[in-house]
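Each chain, written out:
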Protein chains: 2
Amino acid sequence: SLRRIKASGLKLQLCTNETQATRENFVRKLRGLGFDVSVSEVTAPAPAACRLLRERGLRPHLLVHDDLVPEFAEVDKTNPNCVVLGDAAENFTYANLNEAFRLLIGMEKPVLISLGKGRYYKETDGLKLDVGAYMKALEYACDVQAEVVGKPSKRFFESALAELGVPPEQAIMIGDDIVNDVGGAQQCGMRALQVRTGKYRPSDENHPEVKPDAYVNNLAEAVDIILQQL
Amino acid sequence: SLRRIKASGLKLQLCTNETQATRENFVRKLRGLGFDVSVSEVTAPAPAACRLLRERGLRPHLLVHDDLVPEFAEVDKTNPNCVVLGDAAENFTYANLNEAFRLLIGMEKPVLISLGKGRYYKETDGLKLDVGAYMKALEYACDVQAEVVGKPSKRFFESALAELGVPPEQAIMIGDDIVNDVGGAQQCGMRALQVRTGKYRPSDENHPEVKPDAYVNNLAEAVDIILQQL
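Residues numbered from 1 in each chain as written. Chains lettered and ligands numbered in written order. Predicted model: local features only at pLDDT ≥ 70, side-chain atom pairs only at ≥ 80, totals over all residues. Heavy atoms only, no water.

## Considering the interface of chain A and chain B
Each side of the interface is counted separately: chain A has 28 residues, and chain B has 28 residues. Between chain A and chain B, the buried area comes to about 2,700 Å², and carbon and sulfur atoms account for 64% of it. Ranking the residues of chain A by area buried against chain B places Tyr94(A), Leu129(A) and Tyr140(A) at the top, with a combined share of 32%. Joining chain A to chain B, the criterion identifies zero salt bridges. For the side of chain A that touches chain B, the element with the highest residue contribution is helix α5 (residues 131-142) of chain A, accounting for eight residues. Of the residues contributing to the side of chain A that touches chain B, the split by class is 16 nonpolar, four polar and eight charged. (Contact = heavy atoms within 4.5 Å. Buried area = accessible area lost by both parts, 1.4 Å probe. Salt bridge = Lys/Arg side-chain N within 4 Å of Asp/Glu carboxyl O. Helix = DSSP H or I, 4+ residues; strand = E, 2+ residues; numbered from the N terminus. Nonpolar A, V, L, I, M, F, W, Y, C, P; charged D, E, K, R; others polar.)

Given below as structure tokens:
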């Protein structure tokens, strides 16, 4: 499906909330699985956060997965004036959470940037709390609202559109997550297809707030429909 | 001040949100400091939780401080159908939080009982996240609302009144925390004095929701006023 989109001359951007690996490693994994993808075709929360940090002169304290740290290599992290929170997994220790909390509560106006707001996810050894749960803990303790830079934030989809160089009305999003993918893309002015695979649940079709522009059974069918209408 | 209250014939109950020690150890510490206090004069979240568990036939999975576990010695903890959360401190590990989360998300209707909802507290080595932050994390991940059994819950103050055997209008609460002490007691129908010591902050006097019946400079002054009016 990816190959057919590219062959048609359409531009393509992969939007992921992956925050346990750099884009380089993410792309390496996809290429290993046979997908023809390059780093510049991936929009991910960490680079979006780096842009935001630069724009606002923020120096982060990182509470993220070890494998994500290289994404922040160019960022000044001395004397931090904000906290960047990702899915830190094993780094979510009592000591690390207290450290991030102390930095935030010591700021005149605490700035908490979260790379996502997922509730939980599944790994081979079971369900795990996702970054959103720890974000809520710090929000409550510090009485602040985090700025979320991953999906479904508008800013995230705007970044992807900027990479593509197209306005939202000329783009279409294909995804399996009713809120993070479909809802986020639509709020940004894009049309959005939901695939009936992956995270899709039949109950999504009665979602109280989000309604995709269309459903498709899978990615191949989405590509069929899009290419037919060119 | 405690001695003067007791000598006057007034009944006394100490209401604490302490969840890092059994009442026995809490009282031992107070007695070591010279206070004449007995276990039956202490109302604390863990015994309140035990009452609630018994009433509702709940079998808890405990995520609490090691030193609190003996309070739950009599409670059936096999095949848990709820999670009891306290200030677990070093027990707030990534693994323990995931374990509590998995139990909750696996229940048809998750039941989360929290021994308090404090944001943070100070220890000699710095500020620490309190149980409320971890409660928020689990609430968000499981889309449930915790039942709080410590202060400021109405149930907690009702327990204290039941121990005293007096109706709320014949009791007066003296405390330093505008929300947990003063707000909680007033919601239960008691009058409440705020002492200008401990957690008290001048900004409390402009609190948008809670207004004590009176301010006193310290506990000794509170006792003076109460004894004068007998």
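## Some remarks on helix α3 (residues 45-56) of chain A
The α-helix advances 3.6 residues per turn, and as a result positions three or four apart in sequence lie on the same side. A rise of 1.5 Å per residue sets the reference length of α3(A), with its twelve residues, at 16 Å; its end C-alpha atoms lie 17 Å apart and thus fit the reference within 8%. When α3(A) is considered as a whole, its buried residues turn out to be Pro45(A), Ala46(A), Pro47(A), Ala48(A), Ala49(A), Cys50(A), Leu52(A) and Leu53(A). (Expected span 1.5 Å × (residues − 1). Buried < 20%, exposed > 50% of the residue type's maximum accessible area, 1.4 Å probe, protein only.)

## Quick look at the domain arrangement of chain A
Under the domain assignment, chain A is made up of domain 1 (1-17 + 166-228) and domain 2 (45-148). The gap between the C-alpha centroids of domain 1 of chain A and domain 2 of chain A is 28 Å. (Domains from an automatic or database assignment.)

## Section: the packing of helix α3 (residues 45-56) of chain B against helix α6 (residues 154-164) of chain B
Residue and element names in this part refer to chain B. Where α3 contacts α6, the two axes come as close as 10 Å, and the packing angle between them is 95°. In terms of axis orientation, α3 runs roughly perpendicular to α6. Between α3 and α6, the residues in contact are Pro45, Arg51, Leu52 and Glu55 and Arg155, Phe156, Ser159 and Glu163, respectively. Per-class residue counts for the contact of α3 with α6 are three nonpolar, one polar and four charged. (Axes fitted to C-alpha atoms, helices over the stretch in contact; angles between N-to-C directions. Parallel < 35°, antiparallel > 145°, perpendicular 65-115°, else oblique.)

## A word on the packing of aromatic side chains
On inspection of all chains with the given rule, the structure shows eight aromatic pairs over all chains. Taking the centre distance of 6.4 Å and the plane angle of 40° together, the rings of Phe92(A) and Tyr94(B) count as tilted. In this pair, Phe92(A) sits in the loop between β4 (82-85) and α4 (94-105) while Tyr94(B) sits in helix α4 (residues 94-105), so the two residues belong to two different chains. On the numbers, 5.8 Å between centres and 85° between planes, the contact of Phe156(A) with Phe157(A) is edge-to-face. Just as Phe156(A) is buried, Phe157(A) falls in that class too. Members of the aromatic cluster, joined through ring pairs, are Phe92(A), Tyr134(A) and Tyr94(B). Just above the ring of Tyr140(B) sits the side chain of Arg119(A); from NZ or CZ to the centre is 4.5 Å. (Phe/Tyr/Trp six-rings, centres within 6.5 Å; stacked < 30°, edge-to-face > 60°. Lys NZ or Arg CZ within 6 Å of the ring centre and 35° of its normal.)

## Looking at the environment of Asn91(B)
All names here are of chain B. In this structure, Asn91 sits in the loop between β4 (82-85) and α4. Residues Asn91 and Asn180, 89 residues apart in the sequence, show an inter-C-alpha distance of 25 Å. Discounting residues that sit within four places of it in the chain, Asn91 has contacts with Leu63, Val64, His65, Asp66 and Asn96. Within the structure, Asn91 has its side chain in polar contact with the side chain of Asp66 (distance 2.9 Å). (Polar contact = N/O pair within 3.5 Å; in protein donor to acceptor, adjacent residues only side chain to side chain.)

## A closer look at the relation of the copies chain A and chain B
Note on the identical chains: chain A maps onto chain B by a rotation of 179° and an axial translation of 0.1 Å, with an RMSD of 0.1 Å. This pairing of chains is accounted for by a two-fold axis. An overlap of 100% is found between the interface residues of chain A and their copies at the interface of chain B, pointing to a shared contact surface. (Least-squares fit on C-alpha atoms with pLDDT ≥ 70 in both.)

## Quick notes on the pattern of salt bridges
Residue and element names in this part refer to chain B. One pass over the full model with this rule turns up 25 salt bridges over all chains. The salt bridge involving Arg4 is made with Asp224; its shortest N-O contact spans 2.7 Å. With Arg4 in helix α1 (residues 2-7) and Asp224 in helix α8 (residues 219-228), this residue pair connects regions lying 220 residues apart in the sequence. Of the residues examined, Arg4 reaches a relative accessible area of 37% and is grouped as partly exposed. Bridged by salt links that share partners, the residues Lys6, Arg31, Asp36 and Glu41 form one connected network.

## What about the nonpolar core?
Core analysis: the biggest nonpolar cluster contains 51 residues, and Leu85(A) and Leu85(B) have the highest contact counts within it. Elements represented by at least two residues in this core include exactly β4, α4 and α5 of chain A together with β4, α4 and α5 (131-142) of chain B. Residues in contact with Leu85(A), not counting those within four places in the same chain, are Leu63(A), Val64(A), Phe92(A), Leu112(A), Ile113(A), Ser114(A), Leu115(A), Val131(A), Tyr134(A), Met135(A) and Leu138(A). (Core = buried A, V, L, I, M, F, W, Y, C linked by side-chain atoms within 4.5 Å.)

## Here's the deal with the side chain of Ser159(B)
Within the element layout of this structure, Ser159(B) appears in helix α6. Filtering out sequence-adjacent residues up to four positions away, Ser159(B) remains in contact with Thr43(B) and Arg51(B).

## Details of the pairing of strand β9 (residues 172-175) of chain A
All names here are of chain A. Burial along β9 is one-sided: Met173 and Gly175 are buried, and none of Ile172 and Ile174, which face the opposite way, are. Two elements, β9 and strand β10 (residues 191-195), share four bridges in a ladder whose sense is parallel. Residue pairing in the sheet places Ile174 in a bridge with Leu193 of β10. At this point the chain moves from β9, through helix α7 (residues 178-187), to the parallel β10, and the crossover so formed is right-handed. (Pairing = 2+ DSSP bridges. Right-handed = clockwise from strand over helix to strand, strands pointing away.)

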